[in-house]
Every structure is written in C-alpha cells, then in structure tokens.
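# Breakdown of the fold
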Amino acid sequence: MFKNYDPGLVIVNIAGIPIAGYAEGTFVTAERNVDAFTLSKGAAGDGTRTRSRDRSGTVTVTIKAESPTNDALSALATQDELLGTGVGALSITNLNSTTLVESPIAWIRKVSNLEHGDAASNREWVFECDELFMFVGGA
C-alpha cells in the first residue's frame, strides 16, 4: 500500500494563532496525562478495571527560533500571566489523514526555554489541555 505524507498538511492552532515554522524532525506531539483505564489485582488474582474520567493532556510543538509564531506565543503567555486571559481552543488537524486532536480549553504551560549557539536552534512550547479529545486516524 502506497501513501503520501506531507508535513505541510499538519495544521496546529492555539487560541486563534496558527503555528508556523515547524522544526525539523518531530514537531508536534499530543498525549493524555493519565491512562484511560487502570487494572488492580486482588490477593486471589481477581482483577478490577477502573475507568479514569480525566481527559486532560499536553501538546508539545517545536518550531524554529526564527519563526514569528514565537512572538505571538510569547504575547499570549504574557497576556495569561498578567490578566489570566491567555486561554483558548487548540486543534491539530492532519489533512493527510483522519487524525484530529482538539481541546476547547488550553493554555501555555510556561514560556519556551531560550537557547542560542553557533547554529540555528528551536523553541519548544508546551500547552496544557483541560480536555484533550484525540482521534488518531490513518490515511
């Protein structure tokens, strides 16, 4: 089975800010904070599966240091620190496939670390999501 993949068709948006200037390699990850189910075993070996209602998660985006998106994300983080209003919807859409990740309430966990050297560097932004809905699809 032959398929095409185009990283330019992966679209990330936070609070109305489209993310641009993705870094080489892995540039976006999304994961839930807790497992959907946990298993506990009794002394006799009997098992109980417990469902977690916690749908929180994190999304990490890595962009080039030269990307103007850093300005917009820094402004959003500053707005949140000063006024508590840097919260918005987050979405990841992969137009290569049926994958869709959404959170109606997300915010920047902390401002990206700063690094300068003799070569171009990247900036990593971590977003906390109150509820992270994930459909990891195929092409």
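Residues numbered from 1 in each chain as written. Predicted model: local features only at pLDDT ≥ 70, side-chain atom pairs only at ≥ 80, totals over all residues. Heavy atoms only, no water.

## Some words on the overall build of the protein chain
When its secondary structure is counted, the protein chain shows one helix and 10 strands. The helix and strand sequence of the protein chain, counted from the amino end, reads β-β-β-β-β-β-α-β-β-β-β. Radius of gyration (C-alpha) of the protein chain: 18 Å, far over the 14 Å computed for a compact globule of 139 residues. Considering only C-alpha atoms, the protein chain reaches an extent of 60 × 50 × 30 Å along its principal axes. (Helix = DSSP H or I, 4+ residues; strand = E, 2+ residues; numbered from the N terminus. Rg over C-alpha atoms; globule rule 2.2 N^0.38 Å.)

## Some details on helix 1 (residues 69–83)
Between its first and last C-alpha atoms helix 1 spans 21 Å; for 15 residues at 1.5 Å apiece the expected length is 21 Å, and the two agree. All of the buried residues in helix 1 are Thr-69, Asn-70, Leu-73, Leu-76 and Ala-77. With its buried residues spanning 130° around the axis, helix 1 presents them on a single face. Looking at helix 1, the residues exposed on the side facing more than 90 degrees away from the buried face are Asp-71, Leu-82 and Leu-83. Of the residues one or two after helix 1, Gly-84 is the one with positive phi, at around 70°. (Expected span 1.5 Å × (residues − 1). Buried < 20%, exposed > 50% of the residue type's maximum accessible area, 1.4 Å probe, protein only. Arc of directions from axis to C-beta.)

## Some words on the nonpolar core
Within the largest apolar cluster, 22 residues are counted, with the highest numbers of intra-cluster contacts made by Ile-14, Ile-19, Val-59, Val-61, Leu-73 and Phe-127. Among the elements of the structure, strand 1 (10–14), strand 6 (57–64), helix 1, strand 7 (88–94), strand 8 (100–110) and strand 9 (122–129) are those that each provide at least two residues to this core. Look past the residues within four positions of Val-61 in its chain and what remains in contact with it is Val-12, Ile-19, Tyr-22, Phe-27, Val-28, Arg-123, Glu-124, Trp-125 and Phe-127. (Core = buried A, V, L, I, M, F, W, Y, C linked by side-chain atoms within 4.5 Å. Contact = heavy atoms within 4.5 Å.)

## Concerning the packing of aromatic side chains
The description of two aromatic rings rests on the distance between their centres and on the angle between their planes. Under the criterion given, the structure shown has one aromatic pair. On the basis of an interplanar angle of 25° and a centroid distance of 4.2 Å, the ring pair of Tyr-22 and Phe-27 is categorised as stacked. (Phe/Tyr/Trp six-rings, centres within 6.5 Å; stacked < 30°, edge-to-face > 60°.)

## With respect to the side chain of Ser-97
Within the secondary structure layout, Ser-97 lies in the loop between strand 7 and strand 8. A relative accessible area of 19% means that Ser-97 is categorised as buried. Of the polar contacts made by the side chain of Ser-97, one reaches the backbone nitrogen of Thr-99; its length is 3.2 Å. If we skip the residues at most four places from it in the chain, Ser-97 touches Gly-137, Gly-138 and Ala-139. (Polar contact = N/O pair within 3.5 Å; in protein donor to acceptor, adjacent residues only side chain to side chain.)

## A short note on the environment of Gly-25
One can find Gly-25 in the loop between strand 2 (17–18) and strand 3 (28–32). Among the residues examined, Gly-25 registers a relative accessible area of 61% and is labelled exposed. Put simply, Gly-25 and Thr-62 are 37 residues apart on the chain and 9.1 Å apart in space, counted from C-alpha to C-alpha.

## Description of the side chain of Ser-103
Mapped onto the elements, Ser-103 comes out in strand 8. Polar contacts involving the side chain of Ser-103 include one to the main-chain carbonyl oxygen of Glu-131, which spans 2.8 Å. Apart from the residues lying within four places of it in its own chain, the contact partners of Ser-103 are Gly-88, Ala-89, Leu-90, Cys-129, Asp-130, Glu-131 and Leu-132.

## Regarding unusual backbone geometry
Here the phi dihedral of Ala-15 falls at roughly 50°; this positive angle occurs in a residue that is not glycine. Tracing the backbone shows Ala-15 in the loop between strand 1 and strand 2.

## Quick notes on the pairing of strand 5 (residues 47–51)
Note: strand 4 (residues 37–41) against strand 5, five bridges, orientation antiparallel. Paired with Phe-37 across the two strands is Arg-51, which belongs to strand 5. (Pairing = 2+ DSSP bridges.)

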